[in-house]
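# Overview (structure and organization)
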Amino acid sequence: MWLLKVARPGFWLTSIWFYLLPVGGRAVWHEWTFWLGLLYVTFPLGLLIYGWNDLFDAENDRRNPRKDTFLFGARPIAAQLAALPRWIAIVQGPFALAFLLLVGVKTLPWWAAVVGATALYNLPRIGFKNWPIVDLLNQISYVLVFILSSWLNAVPQAPWFTFAFGALFAMHSHLFGEIMDHGIDLIAGRRTTAGAFGVLPAKSLLAALLLVESCIVWRFAHDPWMAAALFAGSLFFVGDATLLWRSRPYAGWQMRFFFLGWNAAALCSIPWVWWTARLASPLAK
């Protein structure tokens, strides 16, 4: 049960959403390789990314009231932390072999990129999570899910604007987490973007990222409904910074409500993004 919490099930729908973007409009449901990749971007990928984070953030997590939940992650005890690297390796092994056999040696640089980005983010003292702006740029590595999806499903890589959208989306999602953890990170001495800039500038940056995403989806993907949803999100954070919470911390139930709402929106939008295929690989329609 604790390993499941480490893997952050509350984040899986976002990974699934990313995985489905390159194959929009294609009948992939009958291919077992599609389901293999879909399985990987849930528990196994979550365990790799967030488990590594838990190894080096254990002290900070003990003070974080968001932790020890399936939405926001575990609060492992010492014995569990000691066993975590072994479990991460055990879970990754079969997928690494399967991807190598299915796709070939080009998966090796992919694994190096995933592990490298995770390591650089979590290194003690000098890790990217302690460097404002760099901590956000590190989140661009989430677009590696697009690459894996295209390989496993034998479709062309997604267009450039999908990669740009995905990178900005991953950055704004991470920034929102930093805003929620602002007080805890300050106590721990972590210099995140939200911590260095302050809550109000961070919310303004989040609103700006959503606005740019909206413009990309409108101009290049030609999806007015998704663009409108992203624009509404941008307006919400403008209102949040100026009228609603401003610099006040969110209550625990409010944070849970935000994440449950996002998961509901992701789940409801999956049929739409697949059917319209506006962000999919070329020739998907």
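Above this text is the structure in question.
Residues numbered from 1 in each chain as written. Predicted model: local features only at pLDDT ≥ 70, side-chain atom pairs only at ≥ 80, totals over all residues. Heavy atoms only, no water.

### Remarks on the nonpolar core
One finds Trp17, Tyr40, Phe165 and Tyr250 to be the most contacted residues of the largest nonpolar core, which totals 79 residues. Ranked by residue count, the leading element in this core is helix H10 (residues 160-180), at 11 residues. Apart from the residues lying within four places of it in its own chain, the contact partners of Phe165 are Trp17, Leu21, Glu213, Ile216, Val217, Met226, Leu230 and Leu279. (Core = buried A, V, L, I, M, F, W, Y, C linked by side-chain atoms within 4.5 Å. Buried < 20%, exposed > 50% of the residue type's maximum accessible area, 1.4 Å probe, protein only. Helix = DSSP H or I, 4+ residues; strand = E, 2+ residues; numbered from the N terminus. Contact = heavy atoms within 4.5 Å.)

### Observations concerning the packing of helix H4 (residues 43-56) against helix H7 (residues 107-122)
The contact between H4 and H7 brings their axes to 9 Å, and the two run at 25°. One way to sum up the angle between H4 and H7 is to call them roughly parallel. Of the two possible hands of crossing, H4 and H7 adopt the one that is right-handed. Facing Leu45, Leu48, Ile49, Trp52, Asn53 and Phe56 of H4, the residues of H7 in contact are Trp111, Val114, Val115, Thr118, Ala119, Tyr121 and Asn122. Classifying every residue of the contact of H4 with H7 by side-chain character gives 10 nonpolar, three polar and no charged. (Axes fitted to C-alpha atoms, helices over the stretch in contact; angles between N-to-C directions. Parallel < 35°, antiparallel > 145°, perpendicular 65-115°, else oblique. Left-handed = near helix turned anticlockwise from the far one by under 90°. Nonpolar A, V, L, I, M, F, W, Y, C, P; charged D, E, K, R; others polar.)

### Some words on the pattern of salt bridges
Tallying each qualifying case throughout the model produces three salt bridges. Here Asp54 and Arg8 are joined by a salt bridge, their closest N and O atoms 3.1 Å apart. Here the residue Asp54 occupies a position in helix H4, and Arg8 occupies one in the loop between helix H1 (2-6) and helix H2 (12-20), the gap between them amounting to 46 residues. Measuring nitrogen to oxygen at the nearest pair gives 2.9 Å for the salt bridge that ties Asp240 to Lys203. One end of the pair, Asp240, is in helix H14 (residues 224-242); the other, Lys203, is in helix H13 (residues 199-221), and 37 residues separate them in sequence. Judged by its relative accessible area of 0%, Asp240 is buried. (Salt bridge = Lys/Arg side-chain N within 4 Å of Asp/Glu carboxyl O.)

### Looking at helix H6 (residues 78-103)
Taking 1.5 Å of rise per residue, the 26 residues of H6 would be expected to cover 38 Å, and the 38 Å separating its terminal C-alpha atoms lies within 8% of that figure. The axis of H6 is deflected most strongly, by about 40°, at Leu84, and proline Pro85 appears within four residues downstream. Residues of H6 that are buried make contact with H1, helix H3 (32-40), H4, helix H5 (58-62), H7 and helix H9 (144-152). Gly104 sits one or two positions beyond H6 and adopts a positive phi of about 110°. (Expected span 1.5 Å × (residues − 1). Bend = angle between axes of the 7 residues up to and from the residue.)

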